[in-house]
Amino acid sequence: MVFDYISLLCTKLNILAPIMSNRIQYIRFYGLLLIFLWATSAQLQAQGCSDAGFCTMGAMKPDQHFNQKIRLRLRSVELSHYLGVTKFDNLILAYTVDFNIGFNDKTNLQVKLPYQYAQGRLGSNHGIGDVSLSFSYNLVNKEKFQINATLGTKIPTGTPNAQSESGRALPMYYQNTLGTYDLIAGISLISRNWLIATGYQRALNNVNNQFLWGKWAGSENFIWAEHYPRSRKLFRGDDFMLRVEYNLRFSRINFNTGLLAIYRPNQDKITLGERTINVDGSDGLALTYLAGMGFRFNTRSAIKVGVGFRLIRRAQNPDGLSREFVNTVGYVFNF
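Residues numbered from 1 in each chain as written. Predicted model: local features only at pLDDT ≥ 70, side-chain atom pairs only at ≥ 80, totals over all residues. Heavy atoms only, no water.

Draft legend 1. Region of interest: the confidence of the model for the chain. For the chain, the mean per-residue pLDDT works out to 86, and 82% of the residues sit at or above 70. Confidence drops under a pLDDT of 50 for residues 1–23, and excluding neighbours within four residues, the segment shows 32 contacts in the predicted structure. (pLDDT = per-residue confidence, 0-100. Contact = heavy atoms within 4.5 Å.)

Structure, rendered in structure tokens:
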């Protein structure tokens, strides 16, 4: 199913046209890439973001290169393509511009601007995603390790009230914005081979989404709509993140593998009529296995490829953030 989505998307967007001219060749190419990443990570024997995106902010982002001589003021822009597949077979695509701008040797600003597309059995939606802003500060810079801290926020670009062609409210899985202002903080320890990062994210307001099963009664898609968790006036629970990643670096190529754990201690809340209720199964642990590789063309530019597979998921995700499979491809330019 994942390959069908990827092939359809690439055909429409004319991405990887030479490879896509032969579907079997493309599937073999992609399959070999996944097998290569899995085999590499399995050999390294390393071990577990919030899908809301805070695990790729500042000190918490993956695949950070450790070098005592590299200053945080190094400026860069990263262009990335993201593909995710949910347990309801939704296809989620995002194209993100990630700016990093340094103010001095210890402090830098990160700005992320995404554009997202979602498609599923109930319909489709696309638009500009939430903006991420974060400030990072180098707390400790030793010969063998660094400690960095990040404080940031997510800013909504609208309200998550996209509708189907029939005018019915779509679940959060289809929305390009979460509709919340979020407070984010994190800290990481980086050495030549290891990255250990932890973070916290808190939504500061509820979500103006109106998805309820009853709205789809009488529709031919009602059988599918009732599979999605209700999310009317959703208030997300807090998230705690832990990333443990092992990196192996050579002169031009690097590999990384690890686990990403997100723990939500409190349940999400929704409003039914005049009552606010807790959503059973929306708390607990979500765990993802990640593997990736990068290739550096020169001191200024590089590419990155990564995959992720869900190992443990929460029973309910009214915020629509759960993914069974993710794939990212990025190009980084330093200046």
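Draft legend 2. Here's a closer look at the environment of T56. For T56, the position within the fold is in the loop between α3 (23–44) and β1 (76–85). Under the relative-accessibility criterion, T56 is labelled partly exposed at 28%. Sequence spacing of T56 and S132 is 76 residues, and the spatial spacing of their C-alpha atoms is 9.8 Å. (Helix = DSSP H or I, 4+ residues; strand = E, 2+ residues; numbered from the N terminus. Buried < 20%, exposed > 50% of the residue type's maximum accessible area, 1.4 Å probe, protein only.)

Draft legend 3. View of the pattern of salt bridges. Summed over the entire model, instances satisfying the criterion amount to nine salt bridges. Here D182 makes a salt bridge to R236, at a shortest N to O gap of 2.9 Å. Of this pair, D182 sits in strand β7 (residues 182–190) while R236 sits in the loop between α4 (222–225) and β9 (239–249); the two residues are 54 residues apart in sequence, bridging distant segments of the chain. Take D182 and R236: they sit in the same class, and that class is buried. Between D239 and R264 there is a salt bridge; the shortest N-O distance is 2.9 Å. Of this pair, D239 sits in strand β9 while R264 sits in strand β10 (residues 253–264); the two residues are 25 residues apart in sequence, bridging distant segments of the chain. Side by side, D239 and R264 carry an identical accessibility label, which is buried. Salt bridges linked by common partners bring D239, R264, D268 and D319 together as one network. (Salt bridge = Lys/Arg side-chain N within 4 Å of Asp/Glu carboxyl O.)

Draft legend 4. Just unusual backbone geometry, in detail. Of note in this structure, D89 is not a glycine but carries a positive phi near 70°. Tracing the sequence through the fold places D89 in the loop between β1 and β2 (91–102). Unusually for a residue other than glycine, K233 sits at a positive phi of about 50°. Relative to the assigned elements, K233 resides in the loop between α4 and β9.

Draft legend 5. Layout of the environment of S132. Counting through the fold element by element, S132 comes out in strand β5 (residues 131–141). Along the chain, S132 and L113 lie 19 residues apart, while their C-alpha atoms are 7.0 Å from each other. Ignoring anything within four residues of it in the chain, the contact list for S132 reads M57, Q110, V111, K112, T153 and K154.

Draft legend 6. Region of interest: the nonpolar core. F54, C55, M57, M60, F66, I184, I190, L195, A197, M241, L260 and I262 together form the largest nonpolar core, which totals 12 residues. Among the secondary structure elements, those contributing two or more residues to this core are β7, β8 (194–203) and β10. (Core = buried A, V, L, I, M, F, W, Y, C linked by side-chain atoms within 4.5 Å.)

Draft legend 7. Layout of the pairing of β10. Burial analysis of β10 places 10 of its 12 residues in the buried class, the great majority of the element. Both β9 and β10 contribute to a ladder of 10 bridges, which runs antiparallel. Its bridge partner lying in β10, V244 is registered against L259. In this antiparallel pair of consecutive strands, β9 and β10, the connection spans three residues. (Pairing = 2+ DSSP bridges.)

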